[in-house]
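Report on the structure
Take a look at the letters that make up each chain.
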Amino acid sequence: MKFLGCGKFIHGVCTTMPGERITSMERFQELLPRHGLASRSLPYVNTWALPLEKVQRVEPPIPYVHHQGAQGWVAFEPREETLEATVTS
């Protein structure tokens, strides 16, 4: 299971399927309905697609620590108030 976070909050969970390296604009455009990024060129020199399955929203969103400079995959680390709320609940 992977956590989907944004803005220092976990908003969902999912499982991931094997990644696919995207080497052509033709393939990138074929996948447009899945990623929604309209572009005239590949967004990165090494562009990858990582299909998500069994996506579920987390309500309410769970705060987590996002360390400065961390990009891409980061390890889930609950914020202090999250731990306190869990212990007192």
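In case you missed it, the structure is sitting above this.
Residues numbered from 1 in each chain as written. Predicted model: local features only at pLDDT ≥ 70, side-chain atom pairs only at ≥ 80, totals over all residues. Heavy atoms only, no water.

Another point: the overall build of the protein. When you go through the protein residue by residue, the secondary structure sums to 3 helices and 5 strands. Listed by position from the N terminus, the elements making up the protein come as β-β-β-α-α-β-β-α. When each of the 89 residues of the protein is scored for burial, the buried share is 15%. Sequence-distant contacts in the protein: of pairs separated by 6 or more residues, those separated by 24 or more amount to 53%. Looking at the protein as shown, the accessible area adds up to about 7,100 Å², and 56% of this sits on carbon and sulfur atoms. (Helix = DSSP H or I, 4+ residues; strand = E, 2+ residues; numbered from the N terminus. Buried < 20%, exposed > 50% of the residue type's maximum accessible area, 1.4 Å probe, protein only. Contact = heavy atoms within 4.5 Å. Areas by Shrake-Rupley, 256 points an atom, 1.4 Å probe, with all protein chains shown as cover.)

One open sheet holds the 3 strands; their spatial order is β1-β2-β5, and the pairing between them is antiparallel. This sheet does not close on itself; its edge strands, each paired only once, are β1 (2-6) and β5 (52-63). Averaged over all pairs of adjacent strands, the angle between their axes in this sheet comes to 25°, without regard to strand direction. (Pairing = 2+ DSSP bridges. Axes fitted to C-alpha atoms, helices over the stretch in contact; angles between N-to-C directions.)

Another point: the environment of Asn46. Among the secondary structure elements, Asn46 is positioned in the loop between α2 (32-35) and β4 (47-49). Assessed through its relative accessible area of 47%, Asn46 is described here as partly exposed. Reaching out from Asn46, the side chain makes a polar contact with the side chain of Arg21 at a distance of 2.5 Å. (Polar contact = N/O pair within 3.5 Å; in protein donor to acceptor, adjacent residues only side chain to side chain.)

Once that is clear, we can look at a nonpolar patch on the surface. The grouping of Leu50, Leu52, Val55 and Trp73 at the surface amounts to a nonpolar patch, some 400 Å² of accessible area in total. Take Val55: it is sitting in strand β5. (Patch = residues over 30% accessible without salt bridge, like charges linked within 9 Å, V, L, I, M, F, W, Y side chains within 5 Å. Salt bridge = Lys/Arg side-chain N within 4 Å of Asp/Glu carboxyl O.)

Now for the pairing of β1. Across 5 bridges, the pairing between β1 and strand β2 (residues 9-16) is antiparallel. In the sheet register, Lys2 faces β2, and the bridge partner there is Cys14. Where β1 hands over to β2, the hairpin turn is made up of 2 residues, of which Gly7 adopts a positive phi near 65°.

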